[in-house]
Amino acid sequence: MMPDLGAYATEIILAYSLSLTAIAVMILWIWARSRRVKRDLAALETRMNRKPHG
Amino acid sequence: MASLWEYANPVKFMKVSGWLMPVTAVIAGAMIVVGLIWGFFFTPDDFRQGSTVKIIFLHVPSALMAINAWAMMFIASLIWLIRRHHVSALAAKAAGPIGATMTMIALFTGAVWGQPMWGTWWVWDPRLTSFLILFLFYIGYIALWSAIEDPDTAADLTSVLCLVGSVFAVLSRYAAIFWNQGLHQGASLSMAPGTRMDWSYKGPLYICMIGFVFLFLALVLAGTRTEIRNRRIKALMIRERATA
């Protein structure tokens, strides 16, 4: 299934693996930050709603 | 028809982006997977560049997004400076790290491609140099957002930086034409006669390019939603401190 990359196999594999890793890290970072901020906001809103207004 | 400015309202933006973001993410994922599998496994070797032509399916879409991410930030920054819509400033902030990653991928894949084709990883060619400067502008833009405590002041200063950096975004795109020298070729895809690329390359390349556009949209929407929530956290904390 793997195509014959000939003499340039190292360069092509390097380009694909590092680029896809960079994209995956970026997606994971955005997703993890989104989850953390969402959780912090929910906790803060719950805490503020419990406090008596006045 | 609803005015575009309605979406500058954070509540409206959160509502629309809540369903738009997963849709764009699914389209992006599907197109990138199809485009890269097609490009990597099912395209023939180029008669001059051999199998290294397969790098084009990452290099061109990432370079496209590196420049267009800055263009989007430029428009969002202008909207902030003129109309003071917070969502536009936060969208520009969210686009910064994505654009920086795309620029880094374009520079890296370009170097890896250049080594076997040009015999060097790097050369101070107009397009390569302007791309490197664009990357440094991205880093500066992200650092400036982090360095300033007051969000409105940060938005003002980063918007000005974005306007200045736009010169290099334009240069990155047209450097090969402006200077007409250097190792980097002109546009890979062009309507001009004589610049032909076979459809066996064009097909997966177009799919990857559209996939990267949707990936950028999905990530900017996700990032902007996070920034809006972060801003609300800060506002609530100020309110909490004031009522304590």
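Residues numbered from 1 in each chain as written. Chains lettered and ligands numbered in written order. Predicted model: local features only at pLDDT ≥ 70, side-chain atom pairs only at ≥ 80, totals over all residues.

Some points on the overall build of chain B
The secondary structure content of chain B amounts to six helices and zero strands. For chain B, the succession of helices and strands along the chain, N to C, is α-α-α-α-α-α. Seen along its three principal axes, the alpha-carbon backbone of chain B occupies a region of about 70 × 35 × 35 Å. Across the 244 residues of chain B, 43% fall into the buried class. (Helix = DSSP H or I, 4+ residues; strand = E, 2+ residues; numbered from the N terminus. Buried ≥ 20, exposed ≤ 12 C-beta atoms within 10 Å, placed from the backbone.)

Thoughts on the overall build of chain A
Assigned secondary structure in chain A consists of one helix and zero strands. Taking 54 residues into account, the globule formula puts the C-alpha radius of gyration at 10 Å, and chain A, at 23 Å, lies well above it. (Rg over C-alpha atoms; globule rule 2.2 N^0.38 Å.)

Here's the deal with the interface of chain B and chain A
Listed per partner, the contact involves 30 residues of chain B and 23 residues of chain A. The residue inventory of the side of chain B that touches chain A, partitioned by class, reads 16 nonpolar, nine polar and five charged. (Contact = placed C-beta atoms within 7 Å. Nonpolar A, V, L, I, M, F, W, Y, C, P; charged D, E, K, R; others polar.)

Describing the nonpolar core
With 68 residues, the main nonpolar core has A69, L134, F216 and V220 of chain B as its most contacted residues. For this core, the secondary-structure elements that each account for two or more residues are α1 (9–50) of chain A together with α1 (10–42), α2 (56–83), α3 (86–118), α4 (126–147), α5 (151–179) and α6 (199–243) of chain B. The residues contacting A69 of chain B, other than those within four sequence positions of it, are A95, I98, G99, M102 and F216 of chain B. (Core = buried A, V, L, I, M, F, W, Y, C linked by C-beta atoms within 7 Å.)

A short note on α2 of chain B
Taking 1.5 Å of rise per residue, 28 residues should cover 40 Å, and α2 of chain B covers 39 Å from first to last C-alpha, within 8% of that figure. R84 of chain B sits one or two residues past α2 of chain B and shows a positive phi near 55°. (Expected span 1.5 Å × (residues − 1).)

Re unusual backbone geometry
Most peptide bonds take the trans configuration, and most residues that are not glycine carry a negative phi. Residue R84 of chain B is not a glycine yet carries a positive backbone phi of 55°. Checked against the element boundaries, R84 of chain B lands in the loop between α2 and α3.

Focus on the packing of α1 of chain B against α6 of chain B
Two measures define how a pair of helices packs: the angle their axes make with one another and the distance between the axes. Residues and elements named next belong to chain B. Running from amino to carboxyl end, α1 crosses α6 at an angle of 150°, the nearest separation of the two axes being 7 Å. It follows that α1 is roughly antiparallel to α6 by the angle criterion. Considering how the two elements wind past one another, α1 and α6 form a crossing that is left-handed. The residue makeup of the contact of α1 with α6, split by class, is 25 nonpolar, seven polar and one charged. (Axes fitted to C-alpha atoms, helices over the stretch in contact; angles between N-to-C directions. Parallel < 35°, antiparallel > 145°, perpendicular 65-115°, else oblique. Left-handed = near helix turned anticlockwise from the far one by under 90°.)

Side note on the packing of α3 of chain B against α6 of chain B
Residue and element names in this part refer to chain B. Two elements in contact, α3 and α6, have axes whose closest approach is 8 Å; the angle formed by their N-to-C orientations is 125°. With respect to each other, α3 and α6 are oriented oblique. Our pair here, α3 against α6, has a crossing hand that is right-handed. Between α3 and α6, the contacting residues are V87, L90, A91, K93, A94, A95 and I98 on the first element and F216, L219, V220, G223, T224, E227, I228 and R231 on the second. When the residues that make up the contact of α3 with α6 are grouped by side-chain class, the tally is ten nonpolar, two polar and three charged.

Quick word on the confidence of the model for chain B
Interpretation of this model should avoid reading the predicted coordinates in detail wherever pLDDT is low. On average, chain B scores 90 in pLDDT, and the residues at 70 or more come to 91%. Across the interface, the model reports ipTM at 0.90; the global pTM reads 0.91. (pLDDT = per-residue confidence, 0-100.)

Overview of α1 of chain A
The terminal C-alpha atoms of α1 of chain A, which comprises 42 residues, lie 61 Å apart, in line with the 62 Å expected from a rise of 1.5 Å per residue. Buried-residue contacts for α1 of chain A involve α2, α3 and α6 of chain B.

Topic: the environment of P10 of chain B
Residue and element names in this part refer to chain B. Relative to the assigned elements, P10 resides in helix α1. On the neighbour-count criterion, P10 (19 C-beta atoms within 10 Å) is partly exposed. Distance from P10 to S159, taken between C-alpha atoms, is 19 Å for residues 149 residues apart in sequence. The contact partners of P10, leaving out residues within four places of it in the chain, are H86, V87 and I228.

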